[in-house]
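Spelled out from the first residue to the last, the chains are:
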Amino acid sequence: MRRVLHHPVVRFVLLGVTFGFIAWALAAQWDTMRAAAQDLKVGWGWVLAASSVVLATYALLIQSWRLLLRGWGGELPYGTAVRIWTIANLGRYLPGKVWSIGALGVMASREGVSGVAAAGAAVLGTVLNIGAGFAVTVIFGAEGLDSIYPGVRRIAIAGAIVFGFGVLALPLVLPTVLNRLAVWRGLPLTREPLRPSVIWIAAAINCVSWIGYGVAFALFAQGVTPRISSDPALFIAVYSASYLVGFLALFAPGGIGVREYALVALLVGLGAAGNGEAVLLSATSRLWLTALEVLPGTIGLLLLSPAQRATLKRAG
């Protein structure tokens, strides 16, 4: 599957579909967004505050990955983990979103850490992150979900319940799953399972990270579209839900187009914004978040040695 997703023709087709979707979505809303943008005045203080919260959230997620990695016997200095994580984070802009995990494993192995442990920590961290997103969406926005589409609230609640029981059960289930995968791939068996406390702390960090992202989104909205509702709980729920939709759309690099469409539907459906302001906020927030995702990784890439860059290419 991974080789298929990285085939040039497949990438070209998937990117074409993605950007075609974006063009269709923008064309349908262009006049409304242009009218809303005429009065656009960016409050850079709000944007700076929002950016600071996002970067702090990154710092939490990196620490979560380090905790899971340490639980498997791996250890990385925080600065090294930041470099690896931010570079690997660029992989979300490739169709399929699998490159990030491979890059984490390869780059961590170059630092003397088991690549299997690094990739396993990344996979587990991703699972915890998705589940935490469902839980946070339900906690902060369950009341308004059915106004978007009947039945969404029940789906979100079910996802949150599954996440809760899954986190509690992971310490019991994970060693068996990992050992079966190890046998299947001909790898060494897991010597020491992750302690339950490590998994639970990582899950809690991921819940806090979603709240952080939502608060940052609320701050950014104040700087770009201050007339939209300033209720932090609403922005936490809307951001979490739209990000999950974009993440789970594997064909869309970085959730481009899909996340924005979901964001507009949620803001308008919940009565938090008019169509024009919602489209404007979704477009500007995409530019803002892309810059915050791409710049740290790009700086990390520029600081790599030629040997490290050659190793990174093998991850793809």
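Keep in mind that what you see is a predicted model, and the values were worked out from it rather than measured. (Residues numbered from 1 in each chain as written. Predicted model: local features only at pLDDT ≥ 70, side-chain atom pairs only at ≥ 80, totals over all residues. Heavy atoms only, no water.)

A word on the overall build of the protein chain. Secondary structure assignment for the protein chain yields 12 helices and 0 strands. Seen in sequence order, the protein chain has helices and strands lined up from the N terminus as α-α-α-α-α-α-α-α-α-α-α-α. Each of the 316 residues in the protein chain was classed as buried or not, and the buried ones make up 48%. Put simply, of all contacts in the protein chain between residues at least 6 apart along the chain, 73% involve residues at least 24 apart. Carbon and sulfur atoms provide 70% of the accessible area of the protein chain, an area that totals close to 15,500 Å². (Helix = DSSP H or I, 4+ residues; strand = E, 2+ residues; numbered from the N terminus. Buried < 20%, exposed > 50% of the residue type's maximum accessible area, 1.4 Å probe, protein only. Contact = heavy atoms within 4.5 Å. Areas by Shrake-Rupley, 256 points an atom, 1.4 Å probe, with all protein chains shown as cover.)

To continue, consider the side chain of Ser209. Secondary-structure assignment places Ser209 in helix 8 (residues 196–224). Exposure remark for Ser209: the relative accessible area of 0% places this residue in the buried category. Here Ser209 is in contact with Thr57, Leu61 and Asn129, once residues within four sequence places are set aside.

For the coordinates displayed, the defined rule picks out 4 salt bridges. Here Glu75 ties to Arg66 by a salt bridge, and the two come within 3.4 Å at their closest N and O atoms. The exposure class of Arg66 is buried, given its relative accessible area of 11%. (Salt bridge = Lys/Arg side-chain N within 4 Å of Asp/Glu carboxyl O.)

Take the confidence of the model for the protein chain next. The predicted model of the protein chain averages 76 in pLDDT, with 69% of residues at 70 or higher. The secondary structure element of the protein chain with the lowest average pLDDT is helix 1 (residues 2–5), at 43, and the one with the highest is helix 3 (residues 44–71), at 93. (pLDDT = per-residue confidence, 0-100.)

Now for the nonpolar core. Formed by 71 residues in total, the largest nonpolar core has its most connected members in Trp65, Leu128, Leu267 and Trp288. Of all the elements, helix 8 adds the most residues to this core, at 12 residues. The residues contacting Trp288, other than those within four sequence positions of it, are Val47, Ala50, Ser51, Val54, Ala216, Phe217 and Phe220. (Core = buried A, V, L, I, M, F, W, Y, C linked by side-chain atoms within 4.5 Å.)

Mapped onto the fold, Ala122 is located in helix 6 (residues 115–145). Filtering out sequence-adjacent residues up to four positions away, Ala122 remains in contact with Trp65, Ile101 and Leu104.

Quick look at the packing of aromatic side chains now. Counted according to the given criterion, the structure contains 10 aromatic pairs. Arranged with centres 5.4 Å apart and planes meeting at 75°, the rings of Phe217 and Phe235 form a pair that is edge-to-face. Of this pair, Phe217 sits in helix 8 while Phe235 sits in helix 9 (residues 232–248), and the two are 18 residues apart along the sequence. Considered together, Phe217 and Phe235 belong to a single accessibility category, that of buried residues. Measuring from ring centre to ring centre gives 5.7 Å for Phe217 and Tyr239, while their planes differ by 50°; the resulting arrangement is tilted. Note that Phe217 is positioned in helix 8 and Tyr239 in helix 9, a separation of 22 residues in sequence. In this structure an aromatic cluster arises from ring pairing among Tyr58, Trp85, Trp210, Tyr213, Phe217, Phe235, Tyr239 and Tyr243. (Phe/Tyr/Trp six-rings, centres within 6.5 Å; stacked < 30°, edge-to-face > 60°.)

Let us look at the packing of helix 3 against helix 8. Axis separation between helix 3 and helix 8 bottoms out at 8 Å; the angle between their running directions is 170°. The pairing of helix 3 with helix 8 is recorded here as roughly antiparallel in orientation. Its residues assigned to classes, the contact of helix 3 with helix 8 comprises 20 nonpolar, 7 polar and no charged. (Axes fitted to C-alpha atoms, helices over the stretch in contact; angles between N-to-C directions. Parallel < 35°, antiparallel > 145°, perpendicular 65-115°, else oblique. Nonpolar A, V, L, I, M, F, W, Y, C, P; charged D, E, K, R; others polar.)

This part takes up the environment of Ala241. Residue position: Ala241 is located in helix 9. Taking the C-alpha atoms as reference points, Ala241 and Arg259, 18 residues apart in sequence, are found 8.9 Å from one another. If near-sequence neighbours (up to four positions away) are discounted, Ala241 is found in contact with Thr137 and Leu266.

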